[in-house]
Amino acid sequence: MNKKDFRKAFVNRLETLRGISIEEAAPEDCYSAMASLIKEQVTKRWVQTNQANQKNRRKQVYYFSLEFMLGKMLENNILSLGLKDVCEGAMKDLGLDIHKIYDVEADPGLGNGGLGRLAACFMDSLAFLGLPGHGCSIRYKYGLFEQKIENGCQVETPDNWLRNENVWEIKKPNKAIVVKFFGEVKEREADGRQIYDLENCEQVVAMPYDVPMVGADKGAVNNLRLWSAESVRQFNFESFSSGNYLNAISDKYSAEAISEVLYPDDSNYQNRMLRLKQQYFFVSAGIQSILRHYKSYYGDIRSLPDYISIHINDTHPALAVPELMRLLLDEYGLDWDEAWDITVRTISYTNHTIMPEALERWSVDTYARLLPRIYMITHEINERFCQKLWGLYEGQWDRIRRMAIEADGEIRMAYLAIVGSHAINGVARIHSEILIHELFKDFYEVYPERFNNKTNGVTQRRWLIQSNPDLSTLITKSIGPEWKREPLTLSLLDQKGLTRDGGFLDKLWSIKRQDKLRLAAIIWEKNKVAVNPDSIFDVQVKRIHAYKRQLLMVMNILNTYFDLLDHPELEIVPRTFIFGGKAAPSYHFAKETIKLISAVANRINNDPRIRDLIKVVFLENYRVSLAEYIFPASDISEQISTASREASGTGNMKFMMNGAVTVGTMDGANIEIREAAGEENFIAFGLSAAEVLGYYRDGTYRSRDVYEADERIRRIVREVINTHPNEIGKAEFPYVYDSLLTYNDEFFVLKDFDAYVAAQKRVDELYRDRRRWFRMSAMNIAYSGRFSSDEVIRQYAREIWHVG
């Protein structure tokens, strides 16, 4: 489609779809018309992809994830179809600003953090590489929540992203699935085998909405299937007629609650039950749908692993193991051993955490009540696994109990995923090493062949080509366009000497400054804080959590602030500290951390004594569309989690791709980023993972000793964190104070404080030499291709899924 044809089709679509002329059209009308035209192009390729997959009987990958943090889709799809110049030119001819049209679209409320963003990057790479890989998740009506900062505190409001139409989705009522909860399992015999029926159960309709995942450069168009919960009985006419209006629609709202919100607050029993219900809902609907499609096109269920790979992204979809077993046993009539062999060869599992609270455990009572047949199967899996362990470790009761899937009144979901999968991977080299030598050491000794590493990756198409077009253009002019398809060739920037070329580095600086001006305008619009675009943009954007240590960054800011007050003549490079991220609604420490950041920002930004040398900003409602402005504008990437606690990270890779220099601990993928960019282009600090694990084992760390020995820390605590030290219970930030001193600083904020302050002084020294700094920036860009999701998906496809 050329520019003239697109312009004509656009005007016509406005008239037929919205009933208005171009002169009357608002940005919302223009968005609907343009998205409708692009969707037409997408769906043609979508049909072609599906037909080719069926004709060639290609093995299919199904990626189950509770989150898919996609970001806005119109611009991304236009880029993938190669229509960027056509669309922008057509809108310009019509006197329209295409960026205002892009702004109309809401970020899909399908994720929160790295887990969901990784899943979205994987969908992008699967489609680009032409691999048949599809996503499976929930169509959350209100997302996680929309974050607002009021009086310095986080306030959660519904993320009503579906308020207007989601033009990309297609509802498929003919493919709906019934999912069953509660009830009683009745056993009977038929055709010489035991049959298990679930009676008196609650039935919920899983309604599928399909969203196309478009591969760039004529890649595939794969499918993301989102399940929405509906009641089997939408309306009770009898109750309504008798005047009981609430009861008339109670079934409807009870069912719909399953797909209302991502991660319901689990501080009460009802919401914990709802979380488990969500997990079974999308797993059961997804696997039933897969097997129904498989039966239509592939036939013999015994060949399932040859044509289907089911990948579970963290423990949320671990119920895939007993659910696939249930279907193979109860619906397809296989015996246990045959069904188990098929299940294990079909399923693979990515672990994303070593944090105990994220390794899900469900009480047996809740699990058995909600999912009685699934519990029976899980119990049997555990019994057989423990028998296997007895054969290996006869008499070692503690070890067997330690490894049991069901023990101490709990179901351990990570263990269920390990036992029921043929491959288990970590997401960074050090993370995988911790899994096999620490967290899952016992399981590694039983199944060494199952464990492997797949370091995370991000898509350069969204995080560089789309979000930083000026930098993308500079790279293409400098080394050619091949890097867009083969990101490892970004290293040509170094091999051709451009990372040492003054002219190239000056252009890099100019692009960075323009990106900073754009972000500065957003900061002024949203926060009414004027920031200096020539200051260092020092950024930490991620989920708010104690182990990610936003608190450490705040303490360094306060230390710098007090230095400037004590030494008015002190000259530093001006710096803008930027935070973003959401706190879980019931996570008091995280919400208090946001309150602390806001209080520090208010104090510093309004203190004329520091001459605007530092500013602090918290950008509310961090999301993909905001991140697309933040990453290109950042000078410093703060990756300061406690060593051994962060599995990998993906934000660190996006920062690197856009030329930010990392200040980081030797944790997660930071280690591999430092190796790739060169240690002189990475500012490392802090305890090593081995040292942290050693302190956890021997218990010798005493945070109060560090506190008493460092006047800087005492002043920060005394003057900001605990402003009422002589009044028990009157601390301004009690959760923060207790985390540091009462509970012995679990994440070593105080222990790493001195090293972190030294690292920040190093930043100040390096940034004064602009040419040197931008050489460091260029080296990070040049070796970021290693962290493209294209590279890691090729590894998954070759080594785990066996698709091509």
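Not measured: the values here are computed from a predicted model. (Residues numbered from 1 in each chain as written. Predicted model: local features only at pLDDT ≥ 70, side-chain atom pairs only at ≥ 80, totals over all residues. Heavy atoms only, no water.)

Student: Got a minute to help me understand the environment of Phe685 in this structure?
Tutor: The topology assignment puts Phe685 in the loop between β23 (683-684) and α29 (689-698). Through-space distance from the C-alpha of Phe685 to that of Asp752 is 7.9 Å; in sequence the pair is 67 residues apart. (Helix = DSSP H or I, 4+ residues; strand = E, 2+ residues; numbered from the N terminus.)

Student: What is the right way to read the nonpolar core from this model?
Tutor: Most often, soluble globular proteins have nonpolar side chains that are buried together. Ranked by internal contacts, the top residues of the largest apolar core, which has 271 residues, are Ile38 and Phe281. Those residues in contact with Phe281, other than ones at most four positions away along the chain, are Ile138, Val179, Phe181, Val204, Val205, Ala206, Trp227, Ser228, Ala229 and Ile258. (Core = buried A, V, L, I, M, F, W, Y, C linked by side-chain atoms within 4.5 Å. Buried < 20%, exposed > 50% of the residue type's maximum accessible area, 1.4 Å probe, protein only. Contact = heavy atoms within 4.5 Å.)

Student: Just to check I follow, could you spell out the sheet that holds strand β15 (residues 410-412) for this structure?
Tutor: Strand pairs in the sheet, formed through backbone hydrogen bonds, run parallel or antiparallel to each other. One open sheet accounts for 3 strands, arranged β13-β15-β14; its pairing is antiparallel. In this open sheet, the two edge strands, each paired with only one partner strand, are β13 (361-363) and β14 (406-407). (Pairing = 2+ DSSP bridges.)

Student: Explanation requested: the side chain of Ser637 in the structure shown.
Tutor: Note that Ser637 resides in strand β21 (residues 636-639). In this structure Ser637 touches Val539, Asn652, Phe655, Ala660, Val661, Thr662 and Val663, once residues within four positions along its chain are discounted.

Student: Explain the sheet that holds strand β22 (residues 661-664) here, please?
Tutor: The parallel open sheet is built from 6 strands, whose spatial order is β20-β19-β18-β21-β22-β23. Two strands bound the open sheet, and with one partner strand each, they are β20 (614-619) and β23. Alignment of strand β19 (residues 575-580) against β20, held across 6 bridges, turns out to be parallel. Bridging across to β20, Ile578 finds its partner in Val617. The sheet strands contacting helix α25 (residues 588-605) are β19 and β20, and the helix crosses β20 at an angle near 145°. (Axes fitted to C-alpha atoms, helices over the stretch in contact; angles between N-to-C directions.)

Student: How should empty space enclosed by the protein be read in this particular structure?
Tutor: Leftover empty space is mapped by rolling, across the atoms, a probe with the size of a water molecule. Applying the stated criterion across every chain, the model contains 3 cavities of 30 Å³ or more. Lining of the largest cavity is provided by 13 residues; of these, Leu70, Asn76, Asp124, Met213 and Arg462 occupy positions nearest its centre. Every element with two or more residues in the lining of the largest cavity is listed here: α3 (74-80), α6 (114-128) and β9 (202-214). Broken down by element, the residue count for the lining of the largest cavity peaks at 4 residues, all from α6. (1 Å grid on protein atoms, 1.4 Å probe; cavity = no way out; pocket = protein on both sides within 12 Å on 5 of 7 lines; lining within 4 Å. Points joined across faces, edges and corners; volume = space filled by probe spheres on them.)

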